[in-house]
Amino acid sequence: MAEDYQREIERRRTFAIISHPDAGKTTLTEKLLLYGGAINTAGSVKGKANAKYAVSDWMGIEKERGISVTSSVLQFDYDGYCINILDTPGHQDFSEDTYRTLMAADSAVMVIDASKGVEAQTIKLFKVCVMRHIPIFTFINKMDLEAKDSFELLDEIETVLGIRTCPINWPIGAGKRFKGVYNRDKKQVSMFQAVSVGGSKSAAETDYELSDPRLKEEIGEELYLQLTEEIELLDGASDAFDQELVNRGELSPVFFGSALTTFGVQTFLENFLNMTLPPLPRNSSEGPIQPVSASFSGFIFKIQANMNKAHHDRIAFMRICSGKFEADKEVYHVQSGRKMRLSQPQQIMAQDRKVIDEAYAGDVIGIFDPGLFSIGDTLCAIGQKFTYEGIPTFAPEHFCRLVSLDSMKRKQFIKGVTQLAQEGAIQIFKDYTLDLSEIIVGVVGVLQFDVLKYRLESEYNCEVRLEPLPYNYIRWVKNPAVDLNRLKRVNDCKKVKDMKDNPLLLFANEWSIRLVLENNEGLELEEFKKN
Ligand code: G4P
């Protein structure tokens, strides 16, 4: 028995795919799912009238706009592995959920558009991965279109993101001249043949040895010469593959390909599965907890209310960190000190929910939340009492004043706003002096404002108006005794309190943060509030 669950845990690979919007995250995810047989045809995301939506989209607003706002978990088997892809909201204006999802992943795959290189959102998400020291793999996508020089791309990843790179394969040409990739390990070239967007699993790839005369014939003298020169350069100058450095998140294996034409996806998947790790120990109040331990434990990283509008339910997403979870067994919720049975544990895949009987370390499941859970809470087997390290509150970057348009609905309004804040979709603040008469909402990505308005209207029946505020930086006052009313030079910042009455300041720019600090000796400000 014990060995069975060990084997199950060891075959788990749980990762998130991160990218700047439009780099091809959804397309790559869908192609990976095709390999696992989890879906039959890849859907298309972007609002074409007759197109199917990507499997990971489910909320009304997502359907309206054809974007992916919330996350779900995609699980499938491939070659003996059990793969969990933690889907992160893909829109430019992403939310804190994206950050939190990264807390639940064991590694990350960074998709980069070959013509654009490292983009703003990739940088933000990458920072969270670095904070956790998780392995980061790079898929340079869209090689079938015009691309930046490949060396330039590697250089950009190294300098902008500060991680070393190790190309596993190397492209031959790009765009109309894209001929295929050279596999550095096998010393073989896979020739590119585009495959239709939806159906077929893999591009028909013809492999040639580097010395095969047919290769030169196929790709032409010029590209052949360029390839041999580049291989020499790579072998001499680039970092060698080092599993230890990959495990620590210091070296990123790089793959080139084209998700849309399914070229390079299989090579990526197979190498990735070899290079990535099964679930790792996680830090807790009692030190690191081994995944392959006899008893179950996990933590909650996301809460979603009203996933099913008809039921007004709240689902908590739990990452299982150790042992085996069994649906009928009692567990212990450490923060409330209560024993409970988790009713209807589910695997959540887009709109589909499958009730499950068991799950293992590495898996993410949805559990019904009776209103008891908070983000970061620990659940474990009866008899255990440790807590996992908390999930930080990420600093919001956009702020609005939230006004209820119907004063008769004040109660519903407060309830809705409070629940959405508990879910972690938004952070709420109140004016430092005026108290609750003014509600200020802070979010990581501006799309959350639309989601907030939409959800308050559709789930709580409250019409609201959002008035943008010109602030982008938030700083908590570290010395709690400081009276904000006595601070000097605060004319261009806003004084607010969070819901726990901690004082903080909202600033328009870094310059005004410096000004306030210079003018108020002894004042200490901090960017994150540890929960
Ligand atoms: P995202 O989730 O990272 O936002 O990106 P997504 O996969 O939705 O891809 C964005 C666009 O880029 C899509 O085109 C998609 O078809 C295209 N794309 C993805 N991978 C490749 C690739 O390897 N080569 C080429 N040529 N295009 C790629 P779209 O026009 O926005 O949508 P659609 O009309 O194709 O569905």
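In case you missed it, the structure is sitting above this.
A short tour of the structure in this document, coming up. (Residues numbered from 1 in each chain as written. Predicted model: local features only at pLDDT ≥ 70, side-chain atom pairs only at ≥ 80, totals over all residues. Heavy atoms only, no water.)

## Structural notes on the overall build of the chain
For the chain, the helix and strand inventory stands at 13 helices and 29 strands. Sorting the 531 residues of the chain into buried and exposed places 56% on the buried side. If you take every contact in the chain between residues at least 6 apart in sequence, the share linking residues at least 24 apart comes to 70%. Here the chain displays about 22900 Å² of accessible surface, and carbon together with sulfur accounts for 47% of that area. (Helix = DSSP H or I, 4+ residues; strand = E, 2+ residues; numbered from the N terminus. Buried < 20%, exposed > 50% of the residue type's maximum accessible area, 1.4 Å probe, protein only. Contact = heavy atoms within 4.5 Å. Areas by Shrake-Rupley, 256 points an atom, 1.4 Å probe, with all protein chains shown as cover.)

## Quick look at unusual backbone geometry
Of note in the backbone geometry, K142 takes a positive phi value of approximately 65° without being a glycine. One can find K142 in the loop between strand 5 (136–141) and helix 6 (150–161). The residue T262 is not glycine, and still its phi comes out positive at about 60°. Turning to its location among the elements, T262 is positioned in the loop between strand 11 (251–256) and helix 10 (265–275).

## A look at the pattern of salt bridges
If you walk through the whole model with that rule in mind, you get 29 salt bridges. Where R319 meets D106, a salt bridge forms, and the shortest distance between an N and an O atom there is 3.2 Å. With a gap of 213 residues between them, R319 in strand 13 (residues 314–322) and D106 in the loop between helix 4 (96–104) and strand 4 (107–113) connect regions that are remote in the sequence. The salt bridge partner of K409 is D406, with a shortest N-O separation of 3.9 Å. Overall, K409 belongs to the partly exposed group, its relative accessible area being 23%. (Salt bridge = Lys/Arg side-chain N within 4 Å of Asp/Glu carboxyl O.)

## Remarks on the sheet that holds strand 10 (residues 206–209)
Strands sit in the order 7-8-9-10 across an open sheet of four strands; the sheet is antiparallel. The two strands at the open ends of the sheet, each matched to only one other strand, are strand 7 (169–172) and strand 10. Each strand axis lies, on average, 25° off the axis of its neighbour in the sheet, ignoring direction. Sheet analysis places strand 8 (residues 180–183) next to strand 9 (residues 188–191), joined by four bridges and oriented antiparallel. Among the inter-strand pairings, G180 is bridged to a residue of strand 9, identified as M191. (Pairing = 2+ DSSP bridges. Axes fitted to C-alpha atoms, helices over the stretch in contact; angles between N-to-C directions.)

## A word on the sheet that holds strand 11
Overall, mixed pairing links the seven strands, which are arranged 2-3-1-4-5-11-6 in an open sheet. A single partner strand is all that each edge strand has here, and the edge strands are strand 2 (73–78) and strand 6 (164–167). Sheet twist, expressed as the average angle between the axes of neighbouring strands with direction ignored, equals 30°. Two elements, strand 2 and strand 3 (residues 81–86), share six bridges in a ladder whose sense is antiparallel.

## Let's talk about the nonpolar core
By size, the foremost hydrophobic cluster in this structure holds 80 residues, and its most contacted members are M318, I367, F373 and L379. Per-element accounting of this core gives the leading share, six residues, to strand 13. Of the residues that make up this core, three or more belong to each of domain 1 (15–67 + 90–98 + 106–275) and domain 2 (297–381). Residue contacts for F373: discarding those within four places in its chain leaves I300, I303, R314, A316, H333, M340, L342, I367, F368 and L379. I17, Y78, I85 and F272 belong to the second-largest nonpolar core, a separate cluster that totals 30 residues. (Core = buried A, V, L, I, M, F, W, Y, C linked by side-chain atoms within 4.5 Å. Domains from an automatic or database assignment.)

## Things to note about the packing of aromatic side chains
Applying the stated rule across the entire model yields 16 aromatic pairs. Taking the centre distance of 4.7 Å and the plane angle of 50° together, the rings of F151 and W170 count as tilted. In this pair, F151 is assigned in helix 6 and W170 in strand 7, connecting sequence segments 19 residues apart. On the basis of relative accessibility, which here comes to 0%, the residue W170 falls in the buried class. Between F386 and Y388, the aromatic rings sit 5.3 Å apart at their centres with planes inclined by 85°, giving edge-to-face as the arrangement. With respect to class, F386 is no different from Y388; both count as buried. Aromatic ring contacts, followed pair by pair, group F15, F137, F139, F255, F268 and F272 into a single cluster. Sitting above the plane of the F317 ring, K302 keeps its charged end 5.1 Å from the centroid. Above the plane of the ring of Y432 lies K497, whose end atom (NZ or CZ) is 5.7 Å from the centre. (Phe/Tyr/Trp six-rings, centres within 6.5 Å; stacked < 30°, edge-to-face > 60°. Lys NZ or Arg CZ within 6 Å of the ring centre and 35° of its normal.)

## Digging into the side chain of R282
Of note, R282 is situated in the loop between helix 10 and strand 12 (297–305). Setting aside chain neighbours within four positions, we find R282 in contact with M103, A104, A105, D106, R132, G287, P288, I289, F299, R319, C321 and Y388.

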